[in-house]
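Secondary and tertiary structure notes
As a plain string of letters, each chain reads:
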Amino acid sequence: MSFPELHAELRSVAQDLLAKDPDWPLLVQAGWVGLDVPEEFGGSGATLAEVAVIAEEIGRAAATTSYLGGAVLGLGALLAVQAGELRDRLLRDVTAGAARVALAVSAGESSQEFEFAGCVHGRANFVPDAAVAQRLLLPARNPDGEPVLVGVASDAAGLRIEHQPVLDGTRELSAVTADGVEVAEVWRFDGDARARLQALRDRAAVAVACDSLGIAQAMLDATVSYVGVRQQFGRPIGAFQAVKHACADMLVRISVARQLVTSAVSDPNAITVAMAKAYACDTAVEVAGKAMQLHGGIGYTWESGVHVYLKRAALNRSLFGSSAAHRARLAERYQ
């Protein structure tokens, strides 16, 4: 089976499963949680390209899952540190669904780390899916200034996980505060520690860009369907030139976003990730806003469901670097 055929089949299965509003055990059973985890640890041995397919379909369904925090970031962090008995056992447990982890890295603009000197101190805001994790993975600087990854139980003394309300009701973000928390495990990153931490944030940014791409595609599909049946002056409103042009503009934006996201998935680096994150997230907000407008009065009601996608798109634009921040990152590369 070729990669396009494999991805098409994975996409079809994902759409069917997400229509059932799956819980975490069902995602584990489907193999999504350990999708790019090596087979020796119970995973599927796939790549970021397959994770991207799932992330896009989750966005298309505007599904409430813990995939971003638990699979994309949590497992991504474990794969980024040096192998060892404790890490390998935890990797197998998470992949099998016997444990749940989350990486306590801020999804906002700040990327500050925790401080580790026997105990852990510090705070991270807007951490995805920390509230449902049994173990938190905290990026921290040791006394030598070297970034390490420390593992702590979610109910450890001195650790607080506080819900942070956001515009989008489909995501769970929390503030994680450590005040003298005793550490259960300490892992060193495999290779350049700071580069590895940035790669984790880039991995999350790509996943959010894929989610936004799914949002935009869902809104275009819903709009095309609606304007094909909504009648005005005796014919579908989709027959009017202004509506045709608006839908065509939405399609062009999505096509460009898809190309940029595909490049970032294939070769994630500072340039491709920044371009994909900025453009795809802006596109999702624009397309969802246009969809609301083209749905007419009903588009502004709870009944249409467009507001769910618009709010999710707006939050995505802020997660793991705003569009302005990623454009500034691009500009620095050309100075």
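Now for a look at the structure at hand. Computed from a predicted model, the values in this text were never measured in an experiment. (Residues numbered from 1 in each chain as written. Predicted model: local features only at pLDDT ≥ 70, side-chain atom pairs only at ≥ 80, totals over all residues. Heavy atoms only, no water.)

As for the overall build of the chain
Heads up, the condition is: Strands are runs of DSSP state E lasting at least 2 residues, helices are runs of H or I lasting at least 4, and numbering of each runs from the N terminus. Radius of gyration: over C-alpha atoms. The globule rule applied is 2.2 Å multiplied by the number of residues raised to the 0.38 power. Here's how the labels work: a residue is buried when its accessible area is under 20% of the maximum for its type, exposed when over 50%, partly exposed in between, all with a 1.4 Å probe on protein chains only. Whether two residues touch is decided by their heavy atoms; if any such pair falls within 4.5 Å, the residues are in contact.
Counting secondary structure elements, the chain contains 10 helices and 10 strands. For 335 residues, the compact-globule estimate of 2.2 N^0.38 gives 20 Å, and the chain sits close to it at 21 Å. Every one of the 335 residues in the chain was classed for burial, and the buried ones make up 52%. Relative to all contacts within the chain whose residues are 6 or more apart in sequence, the contacts with residues 24 or more apart total 71%.

Re the nonpolar core
Quick reminder of the rule: Think of a nonpolar core as a cluster: buried Ala, Val, Leu, Ile, Met, Phe, Trp, Tyr and Cys residues, connected wherever their side-chain atoms sit within 4.5 Å. Residue ranges labeled as domains rest on an automatic or database domain assignment.
Trp32, Tyr67, Leu137 and Phe320 are the most contacted members of the largest nonpolar core, which has 89 residues in total. At 17 residues, helix α6 (residues 193–229) tops the list of elements feeding residues into this core. Each of domain 1 (3–188) and domain 2 (193–332) accounts for three or more of the residues forming this core. If sequence neighbours within four positions are ignored, Leu137 has contacts with Gly74, Ala77, Leu78, Leu90, Val101, Ala102, Leu103, Ala104, Leu149, Val150, Gly151 and Trp187. Core analysis: the second largest hydrophobic core is formed by 20 residues, Ala104, Phe114, Val148 and Leu159 among them.

Let's talk about the packing of α6 against helix α7 (residues 241–266)
Here is the rule: Every axis corresponds to a line fitted to the C-alpha atoms, with the helix fit spanning only the stretch in contact, and the corresponding angles, defined between N-to-C directions, vary from 0 to 180 degrees. Any angle from 65 to 115 degrees is called roughly perpendicular, while one under 35 is roughly parallel, one over 145 is roughly antiparallel, and all others are oblique. Definitions for this section: a left-handed crossing has its near helix turned counterclockwise from the far helix by less than a right angle. A right-handed crossing has that turn clockwise. All residues other than Ala, Val, Leu, Ile, Met, Phe, Trp, Tyr, Cys, Pro, Asp, Glu, Lys and Arg, Gly among them, are scored as polar; the first ten of these are nonpolar and the last four charged.
Where α6 contacts α7, the two axes come as close as 10 Å, and the packing angle between them is 155°. Regarding the angle of α6 to α7, the classification is roughly antiparallel. The two elements α6 and α7 meet at a crossing, and its hand is left-handed. For the pair α6 and α7, the contacting residues are Val206, Ala209, Cys210, Leu213, Ala216, Gln217, Met219, Leu220, Thr223, Val224 and Val227 in the first and Val243, Cys247, Met250, Leu251, Ile254, Ala257, Arg258, Val261, Ala264 and Val265 in the second. A breakdown of the residues in the contact of α6 with α7 according to their chemical character gives 18 nonpolar, two polar and one charged.

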